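Spelled out, the chains give:
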Amino acid sequence: MESDAFRVLVELGKDDKKLVSLVEEVLRLAGAMDPRPFSIGREIVLKAATQLETAEKPVVATGLGGGRRFAEDVEARLEVVADPTGKLGTTGAFDDFLKYFRNRFEKMSGFFRARMDTRSAGTVADGKSGGQNGRARFICMVVEKREKPGRIILTVDDYEDEAVVLVGDQNPTLFQTARRIVRDQVIFLATKKGPREFLIAEEIVMPEIPERKPSRSPEEVYAVLISDTHIGSKVFLEDAFRRVLGWLKGEVGDPYQRDVADRVKYVLICGDLVDGIGVYPRQESDLAVQDIYEQYRLAGKYVGEIPEHMEVVLIPGNHDAVRQALPQPAISKDFAGPVYDARRIVSLGDPAEVRLHGVHFLLYHGTSLMDIASSVPGLDYQRPVEIMECQLRMRHLAPEYGKLTPIGPEAEDYLVVDRVPDVFQSGHIHVTGWGAYRGTTIVNSGAWQGQTDYQKRMGLEPAPGVLPVVNLKTLEVRPFNFLAGS
Ligand SMILES: [Fe+2]
Ligand SMILES: [Fe+2]
């Protein structure tokens, strides 16, 4: 038996009668495992205790032995890697847009120039002049995309020139890649000169993230991913959210769940903390609290209940009281004063990046997820992980300008995914999801709000009440359902 498993066994089996049945259950579980484990670990003891408890009596509301909790003795290791707060200041002038898109083009070109297969890139003009054998390879931005039966027509440009590129369906892989392209995205093309002024696409390369091994924490601590609490809404799931706080405090849960709670060091809140006011037409009828200050006062009360030894990171969403255009600065103290006063928080803009125990997190509320889902065939808001995977492949969080997501034309494009994250968190969609892409763990942290009348009218079905918990040592994601019993 491993030493920490033994410690848990002694704690849980304090009274003798319990110890015997617990040991028996541990042996039974270990014996039934395939393949048989070499040693008995903490997880097996906790699983056995959980099974005994659910078989015998309801969950007792005490922590493991009532002693100090694991994460209390672990020092926080939180670094802010990127935050747009304090760097934003566009007036929305025409010149700003020009500079913004130039910066995007430059940043994205950097990805292609760093890759072996796309390093030697020419220009759009090379493609049009015919080059060698009429072939050319270049980086370009997609100005327009039209899909016709059997072909896709892309209008692309770079700093100097514009061209029309045809993608036929003879090569199904190429055609599928083209279908997933959205406007204003930067891509790499290999083309052949066609008849008249057209270019014919032979290869399309997405910016992509490289396949790699993510960084992990040496210690087994956990991050809890929350978003879209929408405090102030009539359908804020207060009971379920109170259970989350009770669980974080070590008051609720079976032995396994309490052991996880004991190891939680970070709580990440990914926007839409409150429901806000005037976010969509007739929102008043969905609000229980009509006053934005009162909404943040209530939010402060909940945030203040998160145990002192945990670190809280907060970014805004489209319902929070900050500018709507992306990127958003941190929520100001003028509105959210009570949240800042409630406890120590690290309040950042949207998007932001932090390193927690060496694990690199990209936090983005997700305002553009619906835009991407509606532009790329085959995506569905009920499967948020696929949409987020698309963003990683595009290396951009909100490529399309002029859809529902407002984008501020800043001097630098902060929506480019400059650094490859180990964990990518979003919310906004109100459906929990988790998965992985090329070594990056993708999590959508769902919501703590039931279906609003507005969502009913729009035909949107949320799936709230499921809390994803990330083990920073393994990057495994465990969903905890807090809806049951409400
Ligand atoms: Fe939301
Ligand atoms: Fe949102």
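The structure contained in this document is the topic of the report that follows.

Cut-offs used in this document
Residues numbered from 1 in each chain as written. Chains lettered and ligands numbered in written order. Predicted model: local features only at pLDDT ≥ 70, side-chain atom pairs only at ≥ 80, totals over all residues. Heavy atoms only, no water. Salt bridge = Lys/Arg side-chain N within 4 Å of Asp/Glu carboxyl O. Helix = DSSP H or I, 4+ residues; strand = E, 2+ residues; numbered from the N terminus. Buried < 20%, exposed > 50% of the residue type's maximum accessible area, 1.4 Å probe, protein only. Donors = N, O, S within 2.8 Å, 3.2 Å for Na, K, Ca; no water. Tetrahedral: all angles 85-135°; square planar, octahedral: opposite > 155°, others 65-115°. Patch = residues over 30% accessible without salt bridge, like charges linked within 9 Å, V, L, I, M, F, W, Y side chains within 5 Å. Areas by Shrake-Rupley, 256 points an atom, 1.4 Å probe, with all protein chains shown as cover. 1 Å grid on protein atoms, 1.4 Å probe; cavity = no way out; pocket = protein on both sides within 12 Å on 5 of 7 lines; lining within 4 Å. Points joined across faces, edges and corners; volume = space filled by probe spheres on them. Nonpolar A, V, L, I, M, F, W, Y, C, P; charged D, E, K, R; others polar. Arc of directions from axis to C-beta. Phe/Tyr/Trp six-rings, centres within 6.5 Å; stacked < 30°, edge-to-face > 60°.

1. Notes on the pattern of salt bridges
Next up, step 1: Scanning the model with the defined rule gives 35 salt bridges in all.
Next up, step 2: A salt bridge links E353 to R419; the nearest nitrogen and oxygen atoms lie 2.9 Å apart. Remark: R419 occurs in the loop between α12 (384–394) and β13 (423–426) and E353 occurs in strand β11 (residues 352–356); sequence separation between them is 66 residues.
Next up, step 3: On the basis of relative accessibility, which here comes to 9%, the residue E353 falls in the buried class.
Next up, step 4: For R419, a relative accessible area of 35% gives the class partly exposed.
Next up, step 5: What emerges from the salt-bridge pattern is a single network uniting D4, R42, E220, D259 and R263.

2. Notes on the coordination of the iron ion (ligand 1)
Next up, step 1: For the iron ion (ligand 1), the protein coordination sphere consists of D228 (OD), H230 (NE2), D272 (OD) and H430 (NE2), at 1.9 to 2.2 Å.
Next up, step 2: Considering all four donor atoms around the iron ion (ligand 1), angles at the metal cover 85 to 177° and the coordination shape is irregular.
Next up, step 3: Taken in sequence order, the residues that donate to the iron ion (ligand 1) follow the motif D-x1-H-x41-D-x157-H.
Next up, step 4: Here the iron ion (ligand 1) and the iron ion (ligand 2) are spaced 3.3 Å apart, with D272 acting as a shared donor. Note that D272 is positioned in the loop between β8 (264–270) and α9 (292–303) and H430 in the loop between β13 and β14 (432–437), a separation of 158 residues in sequence.

3. Quick word on a nonpolar patch on the surface
Next up, step 1: Taken together, the side chains of M1, F6 and V10 make up a nonpolar region of the molecular surface, amounting to roughly 300 Å² of accessible area.
Next up, step 2: Of note, F6 is situated in helix α1 (residues 3–12).
Next up, step 3: Relative accessible area serves as the criterion here: at 49%, F6 is assigned to the partly exposed category.

4. Let's talk about the layout of surface pockets
Next up, step 1: When its volume is computed, the largest pocket comes out at roughly 700 Å³.
Next up, step 2: N318, H319, M370, H428 and Y454 are, among the 27 residues lining the largest pocket, the residues nearest its centre.
Next up, step 3: Breaking the lining of the largest pocket down by element, the ones donating at least two residues are α11 (369–375) and α13 (453–458).
Next up, step 4: Counted by class, the lining of the largest pocket contains eleven nonpolar, eleven polar and five charged residues.

5. Some points on the coordination of the iron ion (ligand 2)
Next up, step 1: Looking at the metal site, the iron ion (ligand 2) is ligated by D272 (OD), N318 (OD1), H365 (NE2) and H428 (ND1), spaced 2.1 to 2.2 Å from it.
Next up, step 2: Seen from the iron ion (ligand 2), its four donor atoms lie at angles of 88 to 161°, and the figure they make is irregular.
Next up, step 3: For the iron ion (ligand 2), all donor residues lie on one chain, and their spacing in sequence is D-x45-N-x46-H-x62-H.

6. Looking at unusual backbone geometry
Most of the time, phi is negative for any residue but glycine, and the peptide bond is trans.
Next up, step 1: The peptide bond linking D34 to P35 adopts the cis configuration, its omega dihedral lying at 0°.
Next up, step 2: Relative to the helices and strands, P35 resides in the loop between α2 (16–32) and α3 (42–56).
Next up, step 3: The omega angle of the peptide bond from D350 to P351 is 5°, so this bond is cis rather than trans.
Next up, step 4: At H357, a residue that is not glycine, the phi angle is positive and equals roughly 50°.
Next up, step 5: Inspection of the secondary structure puts H357 in the loop between β11 and β12 (359–363).
Next up, step 6: A relative accessible area of 0% means that H357 is categorised as buried.
Next up, step 7: If you check the backbone angles, L475 has positive phi at about 65° while not being a glycine.
Next up, step 8: On the accessibility criterion, L475 (6% relative accessible area) is buried.

7. Notes on α1
One turn of an α-helix holds 3.6 residues; hence residues three or four places apart share an orientation.
Next up, step 1: Three or more residues of α1 are buried, namely A5, V8, L9 and L12. The arc that holds every buried residue of α1, seen down its axis, measures 100°, which confines them to one face.

8. Some words on the packing of aromatic side chains
Next up, step 1: In this structure the tally under the stated criterion is 15 aromatic pairs.
Next up, step 2: Between the aromatic rings of F97 and Y401, the centroid separation amounts to 5.3 Å while the plane-to-plane angle is 80°, which identifies the pairing as edge-to-face. Of the two residues, F97 sits in helix α4 (residues 94–113) while Y401 sits in the loop between α12 and β13, which places them 304 residues apart along the sequence.
Next up, step 3: Here F97 falls in the buried class, since its relative accessible area comes to 19%.

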